[in-house]
Amino acid sequence: NSLRFGTNASERLRITSTGKLGIGTTSPASTLHVDGAHSGGPIVTIHQTAGSSSADAGLEVETSSTGTYIQRWVNAGSEKARVTGDGKVGIGTASPSELLDVEGSIECLNELRSKTGNDLKLNAGSANRDVFLQVNDSTLMTVQGSTGNVGIGLTPVASEGRIQAKTNDNVVGKFTRNNTGNYS
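Keep in mind the model is a prediction, meaning the values are calculated, not measured.

The next point concerns a nonpolar patch on the surface. On the surface, I43, V44, I46, L59 and V61 cluster together to form a nonpolar patch covering roughly 480 Å² of accessible area. Counting through the fold element by element, V44 comes out in the loop between β4 (32-34) and β5 (71-75).

See the structure below:
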């Protein structure tokens with residue numbers, strides 16, 4: 001038997017005999033299941049109005065399991081993001097391999113920086129992938145993953161200028177610009 005609540009001769013809330021609470025559904029699939037066809041605003045609002053310290057959370061999600069995920073965001077049946085049981089965040093991927101794993105482009109308004117005392121590493125993830133430094137979608141520097149060659153203002157080619165190449169920490173070639181605009 002279920003406990004049912006309604007208004008205007010319509011059921012609005014149901015507690016099933018197994019303890020599941022359904023709002024807007026007569027067959028809740030989880031402990032709390034909210035369904036709604038609400039246009040112009042959110043279906044659920046959680047608003048913490050009496051908080052005065054960082055311990056006063058508006059929403060806290062806790063699980064005692066380290067299963068596949070603890071939170072998942074889905075839109076129109078397609079997963080957009082998840083937090084895994086081991087604390088990894090995936091955006092555009094259902095199986096993040098790092099603390100933050102983004103499949104797609106990331107836009108940063110001001111800076112991308114490392115913490116004090118740590119290096120900032122850009123890793124293409126494969127020896128055959130290149131790293132590009134761009135400003136306003138124009139490539140200023142390229143590091144070729146397959147060769148390690150660096151090109152500033154051009155795609156690196158070993159026989160042309162504006163390249164500094166290293167092998168075994170020895171500088172093989174360094175081309176610099178003189179005051180007439182030529183490289184030597």
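Next comes the rest of the write-up.
Strands in a sheet are paired, the pairing made by backbone hydrogen bonds, and the direction either parallel or antiparallel. Taken together, three strands build an open sheet; the order of strands is β9-β10-β11 and the sheet is antiparallel. Bordering the open sheet on either side are β9 (131-135) and β11 (150-152), each of which pairs with just one other strand. Strand-to-strand, the axes of this sheet are offset by a mean angle of 25°, without reference to chain direction.

Put simply, the largest pocket is a space of about 1,500 Å³. Lining the largest pocket are 29 residues, and of these I106, L112, K121, L122 and N123 lie nearest its centre. Of all elements in the fold, only β8 (100-102) and β9 reach the threshold of two or more residues within the lining of the largest pocket. Broken down by element, the lining of the largest pocket gets its largest block of residues, five residues, from β9. Split by residue class, the lining of the largest pocket holds 13 nonpolar, eight polar and eight charged. Each pocket or cavity is described by its volume, and for the second largest pocket that value is around 600 Å³. What lines the second largest pocket is a set of 13 residues, and nearest its centre among them are S30, L32, H33, V34 and V44. If you tally residues by element for the lining of the second largest pocket, the top one is β4, at three residues. Its residues assigned to classes, the lining of the second largest pocket comprises seven nonpolar, five polar and one charged.

What counts and what doesn't
- Residues numbered from 1 in each chain as written.
- Predicted model: local features only at pLDDT ≥ 70, side-chain atom pairs only at ≥ 80, totals over all residues.
- Heavy atoms only, no water.
- Patch = residues over 30% accessible without salt bridge, like charges linked within 9 Å, V, L, I, M, F, W, Y side chains within 5 Å.
- Areas by Shrake-Rupley, 256 points an atom, 1.4 Å probe, with all protein chains shown as cover.
- Salt bridge = Lys/Arg side-chain N within 4 Å of Asp/Glu carboxyl O.
- Helix = DSSP H or I, 4+ residues; strand = E, 2+ residues; numbered from the N terminus.
- Pairing = 2+ DSSP bridges.
- Axes fitted to C-alpha atoms, helices over the stretch in contact; angles between N-to-C directions.
- 1 Å grid on protein atoms, 1.4 Å probe; cavity = no way out; pocket = protein on both sides within 12 Å on 5 of 7 lines; lining within 4 Å.
- Points joined across faces, edges and corners; volume = space filled by probe spheres on them.
- Nonpolar A, V, L, I, M, F, W, Y, C, P; charged D, E, K, R; others polar.

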